Amino acid sequence: MKKLRVWMRKEEIDPEALSGSTAVVIDVLLATTTLHTIVEGGARRVFPAGSMKEAVEWRESLTSRVLTGGEKDGGLIDGFDCGPFPDEFGSDKVDGKDVVFLTTNGTRAISRARPASRLLIACLRNAPSVARYLQEESDDIYLICSGSKGYISLEDTWCAAVILSRMDIQGWKLDDAAWLVREFGRTQKRKTEDILKQARVGRWFVQNERADLLRYVGDIGASDMLVEVRDGRLQPLHSRSVHGPD
């Protein structure tokens, strides 16, 4: 019987356990939402960095047309071009460029999950497509919520719930966390925007007059694009990079 497990925080990631499995990393506010936007916007190559050292190494190894973005402990990163917000990475800005992106939680979760046989990123905007893809998987599945500084994040849990509530679990063996999260998705009747506003990070956006961003983040099913991590880079699923090294 195939296994379906949920890790609620990036600190739970066991890289060795991921061998031979499909893993999905979730960081709704904001890493995986912004990274999905960057890939969808036509970036040439996208590098989610697992550390500041790695981000700097990527930036220095690339030639022209490189864009850096992200955050560290919620603040802007000195010397980077952009912050962590998806509206900073419109297609007019990222199309054809290499992007190096670093965040406190999401990109570090992606880095730790690299031993998985297949690694995807998910956000609310593509959650239904992720659910449809996982439904056909033959491998064990791990949904990895990045959380925030060791704590569970409501928005990441909700995204995992949206994915699981859209899957037929017959033939799957769920761990306790997966059962709880799936029931959360099946029984919760509140609107996604309301849920995001109740989350700790979401409250920050409301207080700083960025509720418009929550509407973008919470637009479930706005995109059909699936994004995978391959050789340390993000790309649309099933595509293969035609670009050689610089």
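Here the structure is shown first, and the text comes after it.
Residues numbered from 1 in each chain as written. Predicted model: local features only at pLDDT ≥ 70, side-chain atom pairs only at ≥ 80, totals over all residues. Heavy atoms only, no water.

Novice: I keep staring at the layout of surface pockets and nothing clicks. Help me out?
Specialist: In this approach, a probe sized like a water molecule rolls over the atoms, and the result shows the empty space that is left. Estimates place the volume of the largest pocket at around 510 Å³. Lining the largest pocket are 25 residues, with Leu29, Glu71, Asp73, Gly74 and Val201 positioned closest to its centre. If you list the elements that add at least two residues to the lining of the largest pocket, you get helix H6 (154-165) and helix H9 (200-207). The biggest single contributor to the lining of the largest pocket is H9, with four residues. Taken together, the residues of the lining of the largest pocket break down into nine nonpolar, nine polar and seven charged. (1 Å grid on protein atoms, 1.4 Å probe; cavity = no way out; pocket = protein on both sides within 12 Å on 5 of 7 lines; lining within 4 Å. Points joined across faces, edges and corners; volume = space filled by probe spheres on them. Helix = DSSP H or I, 4+ residues; strand = E, 2+ residues; numbered from the N terminus. Nonpolar A, V, L, I, M, F, W, Y, C, P; charged D, E, K, R; others polar.)

Novice: Before we go on, may I ask you to explain the packing of H6 against helix H7 (residues 176-187) in this structure?
Specialist: Think of two packed helices as two axes; the pair is described by the angle between the axes and how far apart they sit. In contact at an axis separation of 7 Å, H6 and H7 are set at 85° when each is read in the N-to-C sense. Comparing their axes, H7 and H6 come out roughly perpendicular. Within the contact between the two elements, H6 uses Leu154, Thr157, Trp158, Ala160, Ala161, Leu164 and Ser165 and H7 uses Ala178, Val181, Arg182, Phe184, Gly185 and Arg186. Classifying every residue of the contact of H6 with H7 by side-chain character gives eight nonpolar, three polar and two charged. (Axes fitted to C-alpha atoms, helices over the stretch in contact; angles between N-to-C directions. Parallel < 35°, antiparallel > 145°, perpendicular 65-115°, else oblique. Contact = heavy atoms within 4.5 Å.)

Novice: What is the right way to read the nonpolar core from this model?
Specialist: Here is a general trend for soluble globular proteins: nonpolar side chains tend to be buried in one another's company. Residues Val6, Leu134, Leu143 and Ile163 are the most contacted members of the largest nonpolar core, which totals 43 residues. If you tally residues by element for this core, the top one is H6, at seven residues. Ignoring any residue separated from it by four or fewer positions in sequence, one finds Leu143 in contact with Arg5, Val6, Trp7, Val24, Leu134, Ala160, Ile163 and Leu164. One finds Ala23, Ala31, Ala109 and Ala116 within the second-largest nonpolar core, a separate group that totals 28 residues. (Core = buried A, V, L, I, M, F, W, Y, C linked by side-chain atoms within 4.5 Å. Buried < 20%, exposed > 50% of the residue type's maximum accessible area, 1.4 Å probe, protein only.)

Novice: Just to check I follow, could you spell out the environment of Val162 for this structure?
Specialist: Within the fold, Val162 resides in helix H6. Looking at Val162, the relative accessible area reads 2%, which means it is buried. Those residues within four positions of Val162 in sequence are excluded, and the remaining contacts are Leu124, Ala127 and Ile220.

Novice: Quick question: what am I supposed to make of helix H5 (residues 127-135) here?
Specialist: Side chains of residues three or four places apart in an α-helix project in the same direction, reflecting 3.6 residues per turn. Burial analysis of H5 places seven of its nine residues in the buried class, the great majority of the element. Those residues of H5 lying buried are Ala127, Pro128, Ser129, Val130, Ala131, Tyr133 and Leu134. Contacts made by the buried residues of H5 are with strand S2 (22-26), strand S6 (118-122), strand S7 (141-145), H6 and strand S8 (172-174).

Novice: What am I meant to see in H7 here?
Specialist: Over its 12 residues, H7 extends 17 Å from the first C-alpha to the last, a length consistent with the 16 Å expected when each residue adds 1.5 Å. What H7 keeps buried is the set Ala177, Ala178, Val181, Arg182 and Gly185. Each buried residue of H7 lies within a common arc of 125° when the element is viewed along its axis, so the set occupies one face. In this structure, H7 carries Asp176, Leu180 and Thr187 as exposed residues pointing more than 90 degrees from its buried face. If you follow the buried residues of H7, they end up packed against strand S1 (2-7), H6 and S8. (Expected span 1.5 Å × (residues − 1). Arc of directions from axis to C-beta.)

Novice: Would you take a moment to explain the state of the cysteines for this structure?
Specialist: The bond known as a disulfide is covalent and runs between the sulfur atoms of two cysteines. The full count for this structure, using the stated rule, is zero disulfides. Sulfur of Cys145: no disulfide; nearest cysteine sulfur belongs to Cys159 and is 7.7 Å away. Judged by its relative accessible area of 0%, Cys145 is buried. Cys159 forms no disulfide, and the closest cysteine sulfur to it belongs to Cys123, at a distance of 6.5 Å. Classification of Cys159 as buried rests on a relative accessible area of 0%. (Disulfide = S-S within 2.5 Å.)

Novice: Can you help me understand the pairing of strand S10 (residues 233-236) in this one?
Specialist: Regular strands place side chains that alternate from one sheet face to the opposite one. In the sheet, strand S9 (residues 227-230) pairs with S10 via four bridges, with the strands oriented antiparallel. In the sheet register, Val227 faces S10, and the bridge partner there is Pro236. Where S9 folds back on S10, the antiparallel hairpin that results is connected by two residues, among which Asp231 adopts a positive phi of roughly 55°. (Pairing = 2+ DSSP bridges.)

Novice: What should I look at first to understand the side chain of Ser21 in this one?
Specialist: Considering the arrangement of structural elements, one finds Ser21 in the loop between S1 and S2. Polar contacts involving the side chain of Ser21 include one to the main-chain carbonyl oxygen of Leu18, which spans 2.5 Å. Sequence-distant contacts of Ser21, defined by excluding residues within four places in its chain, comprise Ala116, Ser117, Arg118, Asp139, Asp140 and Tyr142. (Polar contact = N/O pair within 3.5 Å; in protein donor to acceptor, adjacent residues only side chain to side chain.)

Function cannot be read off these values alone, since they describe shape.
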